[in-house]
Amino acid sequence: MDYIKVKDKDHLARDINSNGIVNFDISGYEKYVENYKRVYDESQKIKNLENEMSEIKSDLNEIKNLLRNLSNGS
């Protein structure tokens, strides 16, 4: 494959055959993927915590209702 360097971008080149831009900055790409995974994992952790909080709220409401029923029945 033949490439032409992109002006002022040492890590980019244009493929002559497809006219596409190719990024040769492997370490930059790896950092991007690592950062993406970290952000994704954090968002999943937040979603899980929100779900757990919702379940806890539901359980507390159920306990409160049971306690009210017990106190009204006695």
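Here the structure is shown first, and the text comes after it.
Now for a look at the structure at hand. (Residues numbered from 1 in each chain as written. Predicted model: local features only at pLDDT ≥ 70, side-chain atom pairs only at ≥ 80, totals over all residues. Heavy atoms only, no water.)

**Remarks on the packing of aromatic side chains**
Piece 1. Enumeration over the complete set of coordinates arrives at two aromatic pairs.
Piece 2. Plain terms: the ring middles of Tyr3 and Phe24 are 5.3 Å apart, the flat faces sit at 90° to each other, and that makes the pair edge-to-face. Residue Tyr3 is found in strand 1 (residues 3–6), and its partner Phe24 is found in the loop between strand 3 (21–23) and helix 1 (26–73); the two are separated by 21 residues along the sequence.
Piece 3. Among the residues examined, Tyr3 registers a relative accessible area of 36% and is labelled partly exposed.
Piece 4. Looking at Phe24, the relative accessible area reads 44%, which means it is partly exposed. (Phe/Tyr/Trp six-rings, centres within 6.5 Å; stacked < 30°, edge-to-face > 60°. Helix = DSSP H or I, 4+ residues; strand = E, 2+ residues; numbered from the N terminus. Buried < 20%, exposed > 50% of the residue type's maximum accessible area, 1.4 Å probe, protein only.)

**A look at unusual backbone geometry**
Piece 1. Non-glycine residue Asp8 carries a positive phi angle of around 65°.
Piece 2. Positionally, Asp8 belongs in the loop between strand 1 and strand 2 (9–15).
Piece 3. Under the relative-accessibility criterion, Asp8 is labelled exposed at 70%.
Piece 4. Despite not being glycine, Asn19 has its phi angle at roughly 70°, a positive value.
Piece 5. Here Asn19 is to be found in the loop between strand 2 and strand 3.

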